[in-house]
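Residue-level structural notes
What follows is each chain in one-letter form.
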Amino acid sequence: MRTITHQSILAGGRYGELSIDDGEAQIAQSLYRFMLRLRMCEEALSREYHPADEMRCPVHFCIGQEAVPAALSALLTRDDYLFSHHRSHGYYLAKGAPLPAMFAELYGKETGANAGRAGSQDISYPSANFHSGAILAGATAIAVGAALGFQLRNERRVAVAGFGESATDEGVFWESVSYAALRKLPVVFVCENNNYSVFSPQLKRQARDNISERVATFGMKSLPLFGNDVMLVYRALRSAIADARDGRGPTFVEAYTYRWSGHYGPASDDLVRYRSVEELEAWKDNCPIGLLGAAMSARNLLSDEQKAALIKEIDVEIAEAFQFAKSSPFPRAGDWGTMNFSDSSPVADALLTVVDVRTFDAEQAIVQAKGY
Ligand SMILES: Cc1ncc(C[n+]2csc(CCOP(=O)(O)OP(=O)(O)O)c2C)c(N)n1
Ligand SMILES: [Mg+2]
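The following refers to the structure shown. Predicted model, so just to flag it, every value in this text is computed and none were measured.

**Some details on the sheet that holds strand 3 (residues 130-132)**
Taken in spatial order, the seven strands make up an open sheet running 2-3-1-4-5-9-8, and their pairing is mixed. Strand pairing shows two members of the sheet lacking a second neighbour, strand 2 (124-125) and strand 8 (221-226), which therefore form its edges. Pairing of strand 4 (residues 159-164) with strand 5 (residues 187-193), which is carried by six bridges, proceeds in the parallel orientation. Opposite V160, over in strand 5, you have V188 as the bridge partner. Lying on the sheet, helix 3 (residues 67-75) is in contact with strand 1 (81-84), strand 4, strand 5 and strand 9 (251-256); it crosses strand 5 at an angle near 155 degrees. Lying over the sheet, helix 6 (residues 138-152) contacts strand 1, strand 4 and strand 5, oriented at roughly 175 degrees with respect to strand 4.

Written as C-alpha cells, this is what we have:
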C-alpha cells in the first residue's frame, strides 16, 4: 500500500501527475462540469448567506472537496444508495437530486427537498436513494445495513457511505468495516480525509495517521490516494463500485483532500489559528478543478469559450434556483402533524400529540444565524 499523508502531500508541492487516458475525454468533461457546478453553487450560497440571513440552518460548505462527489455522480445508478454526512451538498448533487429543491431546503421552504425541515446537514432525497445525517459515522452503519439488504435479496445494488476522517474516531465505523468485510457486503466506504475535525487535526485525535492501513487489517481492500486528482478518484471508485456490485466485497477509499471554507458557515475560521495560511494556499494551488482544467486544456478538451459558456449556463441555473427558493412559501405550522414521514409509527404519533404547536412557536426566540 502506497504511503500517503497530509504531510507528504504538502511536501510534494504542486501536483503534476493528473492524467487523462485515451478514452477518458468524455468522462473528464463530465467530471469537470460537475465540479464547476458544485463549486459555483457553494460560492453563490456562501455569498448569499450573510448579510441576508434568509438561510437559517447551519451550512457546511465543501469548497475544495469537489472530486469525490463528482466521481460518484458518474458511477452510481439511481437504484444505488448514497449515505453522507453533514457536508452534504456534493453528495446530494452526485445522486442527481434537483438543485432548486436543495436551495429551497436551505431556505427552510415547503418546496425544499424535505419540505424545509431538514436543512443542509440532514438533507435527503429519498426518490434518488440519497440520505445525509449529522450524526458522525452514522452513514457507515446505515450503508452496511442497506448493503446487507441488497445481498439478502440478491440485488445488484451498491451502497456507498461518504464521510470525513473524523468518522474513524468513532467505534461504529470500525464495527461497520469489520462486519462488511466479514460478509463481503456490496458497500463502498469513501473517506474524505481533510485532516480536520472542526479545528482538531487528526494527529491530535489519533495516535497514527494510517487509517487505510488499519482498515486493511480488518480484511478489507483499502486504498489511500490523492483526493484532488479527480481522475484517480474516479478510477478507484469505478473499480470499488464494480467489485461491490459483482460480489467481490467492499472497499475503503481514503481520498486526501482539504476544505477551503471554515468548518461551517461562509466565514473563515482561520482566526482560531488551527491551520496556517501557507497550508491553505498550498492546497488551493492543488485545486481539484484547476488540476483537471489544466490537463484538459493541454489536451484541447477545454477551450476558454467552452468554459465561459459552461459558466454562463450554470449561472442561469443558480439564479433560477435562488428565485425558486426565495419565492416559495414557508411550511405552515399547522402541518406539524404531517411531518412524520411514516404513516405507521404509533410511537411518533403519540409523541406528536404532546406538542402544542402554538406554544411551541411562541416559545421560539428569533436567534440570529450570525457568528459563523
Ligand atoms: C457523533 C457525533 N459527534 C460529534 C459531532 C459534532 N461534529 C459535527 S461535524 C464534526 C467534525 C467532523 O469532521 P469530519 O468527519 O472529518 O468531517 P469534515 O467536517 O472534516 O468534513 C463534529 C465533531 C457529531 N455531529 N456527531
Ligand atoms: Mg475532516
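Structure shown, so let's carry the discussion forward.
**Observations regarding the coordination of the magnesium ion (ligand 2)**
The protein atoms that coordinate the magnesium ion (ligand 2) are E165 (OE), N194 (OD1) and Y196 (O), at distances of 2.1 to 2.3 Å. In the primary sequence, the donor residues of the magnesium ion (ligand 2) line up as E-x28-N-x1-Y.

**Some points on the site of ligand 1**
The immediate surroundings of ligand 1 are formed by 16 residues, with H86, R87, A134, N194 and Y196 found nearest. One nitrogen or oxygen atom from the main chain of S166 is found 3.1 Å from an oxygen atom belonging to ligand 1. Within the backbone of Y196, one N or O atom sits 2.8 Å away from an oxygen atom of ligand 1. In isolation ligand 1 has 580 Å² of accessible area, and contact with the protein removes 75% of it. Broken down by class, the residue content of the shell around ligand 1 amounts to six nonpolar, seven polar and three charged.

**Side note on the packing of helix 5 (residues 99-106) against helix 12 (residues 304-327)**
At their nearest, the axes of helix 5 and helix 12 sit 8 Å apart, and the two run at 45 degrees to each other. Considering their axes alone, helix 5 and helix 12 lie oblique with respect to each other. Helix 12 is crossed by helix 5, and the crossing has right-handed handedness. Contact residues: helix 5 offers L99, P100, A101, F103 and A104, while helix 12 offers E317, I318, A321, F322, F324 and A325. Along the lines of polarity and charge, the residues of the contact of helix 5 with helix 12 split into ten nonpolar, no polar and one charged.

Procedures and definitions
- Residues numbered from 1 in each chain as written.
- Chains lettered and ligands numbered in written order.
- Predicted model: local features only at pLDDT ≥ 70, side-chain atom pairs only at ≥ 80, totals over all residues.
- Heavy atoms only, no water.
- Pairing = 2+ DSSP bridges.
- Helix = DSSP H or I, 4+ residues; strand = E, 2+ residues; numbered from the N terminus.
- Contact = heavy atoms within 4.5 Å.
- Axes fitted to C-alpha atoms, helices over the stretch in contact; angles between N-to-C directions.
- Donors = N, O, S within 2.8 Å, 3.2 Å for Na, K, Ca; no water.
- Near = heavy atom within 4 Å.
- Polar contact = N/O pair within 3.5 Å; in protein donor to acceptor, adjacent residues only side chain to side chain.
- Areas by Shrake-Rupley, 256 points an atom, 1.4 Å probe, with all protein chains shown as cover.
- Nonpolar A, V, L, I, M, F, W, Y, C, P; charged D, E, K, R; others polar.
- Parallel < 35°, antiparallel > 145°, perpendicular 65-115°, else oblique.
- Left-handed = near helix turned anticlockwise from the far one by under 90°.

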